Amino acid sequence: MKLGLTTKTIAADGHASREAANCLADGGLVAFPTETVYGLGADATNAEAIARLYEAKGRPSFNPLIAHVSDLAAAKAIARFDEKSLRLAKTFWPGPLTLVLPKTDDCAICDLATAGLDTIAVRVPAHPIALDILRALGKPVVAPSANISGHVSPTTAAHVMADLNERIDMIVDGGPVSVGVESTIVGCFGEMTLLRPGGLPSAEIEAVLGEPLARLPEQIEADQSAPLAPGMLASHYAPRTPVRLNVRAVEAGEALLAFGPAEISGQGSDAMNLSQRGDLVEAAANLFSYLRTLDAKGARRIAVAPIPDTGLGEAINDRLRRAAVPQD
Ligand code: TXA
Ligand code: MG
């Protein structure tokens, strides 16, 4: 279903952030680049805009959104920090880290955006265009990844267009993003807990905290009826083609997503290498666009080579495991 809007793509020149901010102020839906993936923004204080955002994404309304702000001062207006969360914010913002914090008493974010929770997910993105838009609007912007719910996250403006043409008002094209996987999410209520591995390796967070992050028990992660971080829905980052992981030999009819210099036996013509030299940062940046490309080949299955679980490998393997869960 299309919503019949005219989706305008604008280049990220000097006027783009003003135009984008004006559109958001009018209740519009604007996709814009962050360092992790493209986000689909709406004014976080405008319930009608947020309702349209859920509709455009086809997103289950219980899945709350991340509020993007331009700096720590703006974050403090909506969320309560303690010593540890403040240390993380000061160390890693702007950057690919989202903190889930208790809301302030006068938090201006719509309940619809937080799905009625008394916590709020907040981040300061490290992208000049995102920051310019946030400063020009002067309000928090909620922004999930700019894809149809359940599809692969977009890392270029063309990916956004492929999913959301005629469903949103505007796309600011800032070229391909740098990180390529979504932000790392840390729950800062009770124990500091890794809710989603992402663009900031968890080891870097643990080094700053001086202690390990708590992890979600597997059964909570798998429980689709009452998700703690609802985006942890098991089947979420999904190409349409089935996915097989940790493959050492490609089978007939499979397309290969390789990693590193190692040869995989049976490798046919539909093969892409996330990083020939085995660099996890490069692999993260390529992950979603390569999944899209292989998905379009019409192969029986996408076979994925083993990827080390260190650094950004943790986020890459998390997304791949979700992609491998059968779709309904
Ligand atoms: O890198 C990113 O984080 C991108 C860019 C656009 O900033 N955004 C993104 O948003 O990935 P989204 O909506 O695709 O993922 C947000 C995740 C979801 O898993 C959601 O359930 C979780 O954050 N979340 C949001 N608010 C929460 C809360 N109060 N408690 C627990 N989880 C929350
Ligand atoms: Mg998403």
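All values derive from a computational prediction rather than experimental measurement.

**Some words on unusual backbone geometry**
With an omega of -10°, the peptide bond between W93 and P94 qualifies as cis. Positionally, P94 belongs in the loop between α4 (83-92) and β5 (97-102). Of note in this structure, N246 is not a glycine but carries a positive phi near 50°. Within the secondary structure layout, N246 lies in the loop between β12 (243-244) and β13 (254-258).

**Let's talk about the domain arrangement of the protein**
How large an interface is tends to be reported as the accessible area lost when its parts come together. By the assigned domains, the protein splits into domain 1 (8-221) and domain 2 (243-323). Together, the buried faces of domain 1 and domain 2 total about 1,400 Å²; carbon and sulfur atoms form 55% of this surface. Taken as a group, V152, V181 and P197 account for 35% of the area that domain 1 buries against domain 2, more than any other trio of residues on that side. Where domain 1 packs against domain 2, one counts two salt bridges. For E314, the salt bridge is made with R215, and the minimal N-O distance between the two is 2.6 Å. Put simply, domain 1 and domain 2 have six residue pairs in polar contact (both at pLDDT 80 or more) between them. Each residue belonging to the side of domain 1 that touches domain 2 can be placed in one class, and the counts come to nine nonpolar, nine polar and five charged.

**Concerning the sheet that holds β13**
One open sheet accounts for four strands, arranged β12-β15-β13-β14; its pairing is parallel. In this open sheet, the two edge strands, each paired with only one partner strand, are β12 and β14 (271-273). As paired strands, β13 and strand β15 (residues 301-304) are joined by four bridges and run parallel to one another. The residue of β15 that forms the bridge with L256 is A303. Taken strand by strand, helix α10 (residues 280-295) contacts β13, β14 and β15, and its axis lies near 165° from that of β13.

**Topic: the nonpolar core**
Membership of the largest hydrophobic core comes to 51 residues, with the highest contact counts inside it found for W93 and L99. Where this core is concerned, the elements lending two or more residues are β3 (38-43), α2 (47-57), α3 (72-76), α4, β5, β6 (119-123), α7 (157-164) and α8 (202-209). Examining the composition of this core, we find that five residues originate from one element, α2, more than from any other. Sequence-distant contacts of L99, defined by excluding residues within four places in its chain, comprise F81, S85, L88, A89, W93, I120, A121, V122, V186 and C188.

Thresholds, definitions, all that
Residues numbered from 1 in each chain as written. Chains lettered and ligands numbered in written order. Predicted model: local features only at pLDDT ≥ 70, side-chain atom pairs only at ≥ 80, totals over all residues. Heavy atoms only, no water. Helix = DSSP H or I, 4+ residues; strand = E, 2+ residues; numbered from the N terminus. Domains from an automatic or database assignment. Buried area = accessible area lost by both parts, 1.4 Å probe. Salt bridge = Lys/Arg side-chain N within 4 Å of Asp/Glu carboxyl O. Polar contact = N/O pair within 3.5 Å; in protein donor to acceptor, adjacent residues only side chain to side chain. Nonpolar A, V, L, I, M, F, W, Y, C, P; charged D, E, K, R; others polar. Pairing = 2+ DSSP bridges. Contact = heavy atoms within 4.5 Å. Axes fitted to C-alpha atoms, helices over the stretch in contact; angles between N-to-C directions. Core = buried A, V, L, I, M, F, W, Y, C linked by side-chain atoms within 4.5 Å. Buried < 20%, exposed > 50% of the residue type's maximum accessible area, 1.4 Å probe, protein only.

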